[in-house]
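# A closer look at the structure
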Amino acid sequence: MVKIGVISNAHSKRNKISMREIHQLLAAHPQVKHHSFHHINELPGCLAELAEAGVTHLVVSGGDGTVLAVVSALLNNSPFQKPPCVSLLSAGMTNVIAHEVGQPGLPAAGLKQLVERVEAGEPGEVMERPVLSVDFGDDRVIERGFLVGGVGFYQGTQLVRRDIHSLGAKQTFAAKLGIAWSILKILAFGPGPRSGFHGESIGFTIDGRYERRDCFMFLASTLNSVLPGVAPFWGDGPGRLKLTSIDSPPRRFARAALAVLRGKPRPWMAEAGYISRRMEKLELEMSTPVMIDGECFEPPANGRVVISAGPVMRFHRF
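Attention now goes to the state of the cysteines. Overall, the coordinates contain 0 disulfides when judged by the stated rule. Cys215 forms no disulfide, and the closest cysteine sulfur to it belongs to Cys296, at a distance of 16 Å.

Here is the structure:
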């Protein structure tokens with residue numbers, strides 16, 4: 001018997017906007033269980049209650065941070081005897097994961113469509129994506145996610161939160177506006193304090209081979225794209241983990257930026273330090289924060305961070 005359970009982040013932007021519609025929908029479908037949390041520490045208890053209630057189809061309503069927390073909980077210490085079907089609603093500040101494998105539209109509309117089709121017996125579209133496992137090598141649990149970045153990616157995220165979100169721009173529009181704003185600042189001022197972007201010497205060990213590069217930006221993912229129209233990966237190989245890096249300082253950046261965003265490199269770019277490749281495991285030696293699905297993590301004292309393509313998560317879209 002199918003039983004739907006919804007777990008929502010009460011602080012997620014779109015949840016706040018859509019909460020009245022969501023409550024009306026849930027009132028019309030009392031068989032759907034709903035748990036909302038205000039702090040991430042409440043998440044394990046919410047999942048345990050949904051598992052105890054016999055939920056077979058888990059709907060996550062939140063942003064990338066919420067998805068990251070739920071996926072980590074399900075993989076590290078799941079309370080479900082049998083893994084539930086998982087569906088995602090785009091309800092946060094950033095929704096990179098839900099953009100690729102989640103329900104389309106606002107949370108209430110996406111949830112209504114899902115409930116109707118699940119209860120009608122439709123299987124939906126099953127989409128599988130490997131989860132990234134990020135090991136900091138200290139006492140922290142292994143973090144799970146789908147998108148990991150650093151150096152310029154971290155700096156650009158801070159820039160977007162400071163300059164773009166403060167203007168009221170949200171969601172995909174804010175992310176694309178932030179990318180454009182970052183590119184303009186780099187073109188206008190170059191690396192340094194005026195742009196806020198600067199490189200870092202990073203050690204890369206890729207499938208056992210070590211190299212050290214002056215890195216301006218790196219991004220690793222098991223997703224095909226990070227935003228609609230933004231798919232900055234083009235490397236070949238059998239690995240499930242995609243990595244794109246740009247050497248510092250970025251050369252011929254004005255000509256390369258659009259090609260990087262589209263994942264369509266020009267012949268000269270590899271020699272200029274624009275590199276994209278695939279692998280199963282990536283080891284980093286770095287000193288600045290790592291971004292995992294929009295959340296910031298400090299590296300350990302020795303700077304060693306190990307990223308690998310881990311278990312496969314199945315998502316159901318209706």
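What follows is about helix H2 (residues 43-52). For H2, the full list of buried residues reads Leu43, Cys46, Leu47 and Leu50. Buried residues along H2 cover an arc of 95 degrees about the axis, so they all sit on one side. Turned more than 90 degrees away from the buried face of H2 sit Pro44 and Glu52, all of them exposed. Downstream of H2 by a residue or two, Gly54 has a phi angle that is positive, lying close to 85 degrees.

This paragraph deals with the layout of surface pockets. Taken as a whole, the second largest pocket encloses approximately 250 Å³ of empty space. Every residue along the wall of the second largest pocket is listed here: Leu74, Leu75, Ser78, Pro83, Pro84, Cys85, Val86, Val312, Met313, Arg314 and His316. Those elements that provide at least two residues to the lining of the second largest pocket are helix H3 (64-77), strand E4 (85-90) and strand E15 (304-317). For the lining of the second largest pocket, the element with the most residues is E15, which contributes 4 residues. Looking at the lining of the second largest pocket, its residues break down into 8 nonpolar, 2 polar and 1 charged.

Here we take up the pattern of salt bridges. All told, the structure shown has 13 salt bridges when counted by the stated rule. Arg129 is the salt-bridge partner of Glu100, the closest N and O atoms lying 2.7 Å from each other. One end of the pair, Glu100, is in helix H4 (residues 96-101); the other, Arg129, is in strand E5 (residues 125-135), and 29 residues separate them in sequence.

We now examine the nonpolar core. Among the nonpolar cores identified, the biggest contains 51 residues, and Ile7, Leu88 and Tyr274 are the most heavily contacted of them. Of the residues forming this core, the biggest block, 6 residues, is contributed by H3. Setting aside its immediate chain neighbours within four residues, Leu88 contacts Val60, Val67, Ile97, Ala98, Val101, Gly102, Gln103 and Phe315. Among the nonpolar cores identified, the runner-up in size contains 24 residues, and Cys215, Leu241, Leu243 and Leu282 belong to it.

This next bit is on the pairing of E4. Looking along a regular strand, one sees the side chains alternate between the two faces of the sheet. Most of E4 sits inside the fold, with 5 of its 6 residues counted as buried. Strand direction decides the pairing type here: strand E3 (residues 57-62) and E4, joined by 6 bridges, are parallel. Across the sheet, the residue bridging to Leu58 is Val86, located in E4. This β-α-β element, E3 to H3 to E4, shows right-handed connectivity.

Moving on to the side chain of Thr205. Structurally, the position occupied by Thr205 is in strand E8 (residues 200-206). The residues touching Thr205, leaving out its near neighbours within four places in the chain, are Tyr210, Lys281, Leu282 and Glu283.

Conventions we followed
- Residues numbered from 1 in each chain as written.
- Predicted model: local features only at pLDDT ≥ 70, side-chain atom pairs only at ≥ 80, totals over all residues.
- Heavy atoms only, no water.
- Disulfide = S-S within 2.5 Å.
- Buried < 20%, exposed > 50% of the residue type's maximum accessible area, 1.4 Å probe, protein only.
- Helix = DSSP H or I, 4+ residues; strand = E, 2+ residues; numbered from the N terminus.
- Arc of directions from axis to C-beta.
- 1 Å grid on protein atoms, 1.4 Å probe; cavity = no way out; pocket = protein on both sides within 12 Å on 5 of 7 lines; lining within 4 Å.
- Points joined across faces, edges and corners; volume = space filled by probe spheres on them.
- Nonpolar A, V, L, I, M, F, W, Y, C, P; charged D, E, K, R; others polar.
- Salt bridge = Lys/Arg side-chain N within 4 Å of Asp/Glu carboxyl O.
- Core = buried A, V, L, I, M, F, W, Y, C linked by side-chain atoms within 4.5 Å.
- Contact = heavy atoms within 4.5 Å.
- Pairing = 2+ DSSP bridges.
- Right-handed = clockwise from strand over helix to strand, strands pointing away.

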